[in-house]
Amino acid sequence: MPEYLETIIDKFTFRVAADRLYTRQGAWARLEENGRVRVGVSDFLQQSSGDVAFAEVRAEGTELDTGDEIASIETIKVNVSLGAPVPGTVVAANPALETGPEIINSDPYGEGWLAEIAPADWEAGRTELLDAQAYFDVMKAEAEARQG
Amino acid sequence: MTEARKRIVIVPCSGIGKTYGTVSREAAYEVTEDVRPDDTQLVALSLLVLGDEDARAAVAACPAVTIDGCKLACATKMVKESGGTVAREYAVLDVYRRYKQFKPQGIAELNEGGHQLAHALALEIGAAVDETLGQDAPATEGAADA
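Residues numbered from 1 in each chain as written. Chains lettered and ligands numbered in written order. Predicted model: local features only at pLDDT ≥ 70, side-chain atom pairs only at ≥ 80, totals over all residues. Heavy atoms only, no water.

### Focus on the overall build of chain B
Move 1: Each helix and strand counted, chain B has six helices and four strands in total.
Move 2: Along chain B, from the amino end to the carboxyl end, the secondary structure elements read β-α-β-α-α-β-α-β-α-α.
Move 3: Across the 146 residues in chain B, those meeting the buried criterion constitute 46%.
Move 4: Contacts in chain B between residues far apart in sequence, at least 24 positions, make up 66% of those at least 6 positions apart.
Move 5: Accessible surface for chain B amounts to roughly 7,400 Å². Of this, 51% is attributable to carbon and sulfur atoms. (Helix = DSSP H or I, 4+ residues; strand = E, 2+ residues; numbered from the N terminus. Buried < 20%, exposed > 50% of the residue type's maximum accessible area, 1.4 Å probe, protein only. Contact = heavy atoms within 4.5 Å. Areas by Shrake-Rupley, 256 points an atom, 1.4 Å probe, with all protein chains shown as cover.)

### Quick notes on the packing of aromatic side chains
Move 1: Across all of its chains, the model carries seven aromatic pairs over all chains by this definition.
Move 2: Relative to Phe-14 of chain A, the ring of Phe-12 of chain A has its centre 6.2 Å away and its plane inclined at 20°; by these criteria the two rings are stacked.
Move 3: Since its relative accessible area comes to 36%, Phe-12 of chain A is described here as partly exposed.
Move 4: Looking at Phe-14 of chain A, the relative accessible area reads 6%, which means it is buried.
Move 5: Ring centres of Tyr-99 of chain B and Phe-102 of chain B lie 6.0 Å apart, and the angle between their planes is 10°; on these two criteria the pair is classed as stacked.
Move 6: Here Phe-102 of chain B falls in the buried class, since its relative accessible area comes to 17%.
Move 7: An aromatic cluster is built from Phe-12, Phe-14 and Phe-44 of chain A, whose rings are joined through pairwise contacts.
Move 8: Its end group placed over the ring of Tyr-4 of chain A, Arg-15 of chain A keeps NZ or CZ at 3.9 Å from the ring centre. (Phe/Tyr/Trp six-rings, centres within 6.5 Å; stacked < 30°, edge-to-face > 60°. Lys NZ or Arg CZ within 6 Å of the ring centre and 35° of its normal.)

### Here's the deal with the interface of chain A and chain B
Move 1: Contacts between the two partners involve 11 residues from chain A and, on the opposite side, eight residues from chain B.
Move 2: Roughly 880 Å² of surface becomes buried between chain A and chain B when both sides are summed, with 53% attributable to carbon and sulfur atoms.
Move 3: On the chain A side of the contact with chain B, Asp-51, Phe-54 and Ile-76 of chain A bury the most area, a combined 55% of that side's loss.
Move 4: At the boundary of chain A with chain B, the tally comes to three salt bridges.
Move 5: Our count for the contact surface shared by chain A and chain B stands at six residue pairs in polar contact (both at pLDDT 80 or more).
Move 6: Taken together, the residues of the side of chain A that touches chain B break down into five nonpolar, two polar and four charged. (Buried area = accessible area lost by both parts, 1.4 Å probe. Salt bridge = Lys/Arg side-chain N within 4 Å of Asp/Glu carboxyl O. Polar contact = N/O pair within 3.5 Å; in protein donor to acceptor, adjacent residues only side chain to side chain. Nonpolar A, V, L, I, M, F, W, Y, C, P; charged D, E, K, R; others polar.)

### Brief notes about the sheet that holds strand β2 (residues 40-42) of chain B
In any sheet, the strands associate via hydrogen bonds between backbone groups, in a parallel or an antiparallel arrangement.
All names here are of chain B.
Move 1: Spatial strand order, β2-β1-β3-β4: four strands in an open sheet with parallel pairing. For this open sheet the edge positions go to β2 and β4 (85-91), each flanked by a neighbour on one side alone. Going across the sheet, the axis of each strand differs from the next one's by a mean of 25°, ignoring polarity.
Move 2: Of the strand pairs in this sheet, strand β1 (residues 8-12) and strand β3 (residues 63-68) are connected by four bridges, and their pairing is parallel. Its bridge partner being in β3, Pro-12 is matched across the sheet by Ile-67. (Pairing = 2+ DSSP bridges. Axes fitted to C-alpha atoms, helices over the stretch in contact; angles between N-to-C directions.)

### Looking at helix α4 (residues 74-81) of chain B
All names here are of chain B.
Move 1: Of the positions making up α4, those classed as buried are Ala-75, Thr-76, Met-78 and Val-79.
Move 2: Elements that come into contact with the buried residues of α4 comprise β1, α2 (45-50), α3 (53-61), β3 and β4.
Move 3: Backbone geometry just downstream of α4 places Gly-83 in the positive-phi region, at approximately 90°.

### Looking at the confidence of the model for chain B
Residues and elements named next belong to chain B.
Move 1: Scored by pLDDT, chain B has a mean of 89; 88% of the residues are at 70 or more.
Move 2: With pLDDT under 50 throughout, residues 137-146 is counted as low confidence; its partners more than four residues away or in other chains account for 15 contacts.
Move 3: Taken over the whole predicted complex, pTM reads 0.82, whereas the ipTM for its chain interfaces reads 0.74. (pLDDT = per-residue confidence, 0-100.)

### Re the sheet that holds strand β9 (residues 79-83) of chain A
Residues and elements named next belong to chain A.
Move 1: Across the sheet, three strands lie side by side as β6-β8-β9; this open sheet has antiparallel pairing. In this open sheet, the two strands that pair with only one neighbour each are β6 (52-57) and β9. Averaged over all neighbouring strand pairs, the angle between strand axes comes to 15°, with direction disregarded.
Move 2: As judged from the five bridges shared by β6 and strand β8 (residues 69-75), these two strands associate in the antiparallel manner. Bridge pairing links Val-52 to Thr-75 in β8.

Right, dumping it as structure tokens:
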């Protein structure tokens with residue numbers, strides 16, 4: 001599988017990183033070598049939400065169930081309440097967001113990550129998530145529907 | 001002969017129907033009408049886009065302060081494409097990040113936060129105008145007052 005799945009709709013190019021899992025909302029989750037799960041937003045979610053003004057991650061030590069708000073993101077268009085993709089405890093927030101939250105827009109799959117979770121049970125939690133191809137299909141259908 | 005004062009042109013975003021565009025225009029009106037009326041002149045971005053001769057002449061003759069409503073930065077790009085010099089460029093989103101308490105909402109009519117953000121931006125631009133005029137060489141006597 002290529003590094004990214006990609007589609008062009010109207011003048012917009014949407015990419016889905018192939019090396020991670022997704023919620024239908026557009027949160028991504030990737031298990032890191034240290035056992036933490038890194039969390040961020042998909043390219044489609046960041047593009048459709050607009051330029052980020054502020055991003056606030058729940059405090060370290062916060063225990064979350066799947067779907068509990070892990071971060072709130074205020075953009076020029078909307079306020080996004082991002083649900084945790086898997087249950088666990090917040091162990092880190094991306095420090096880069098404090099001074100440059102626009103990095104979520106410019107690099108959503110890389111330096112624009114939001115938080116890291118110590119997962120309660122990654123193997124169980126991951127079964128509720130979409131793989132890249134499944135999310136790509138969901139995202140593409142939604143993007144096309146919005147396009148009309 | 002009176003000494004002509006060098007002026008600054010203010011070019012805000014032309015985005016109609018966008019909150020941040022509205023903030024940019026309200027700030028521009030406040031600068032040119034209240035904060036620094038003697039030193040600044042409003043130039044509509046739409047006129048630059050249409051190639052209006054007076055607008056292009058004003059931009060070519062004076063340094064510009066641009067106020068962009070989004071990252072497309074149309075105001076800044078258009079001033080440069082029109083042969084102008086951008087003395088200072090502002091993005092409303094960056095200004096909002098400095099004034100988180102002033103959350104702008106509304107389009108045709110801004111909310112109170114939007115008005116406050118526009119006011120804060122206008123004051124910043126006023127200071128930038130002073131700085132720009134102070135840094136530049138004194139205006140030449142008889143220079144065109146665009």
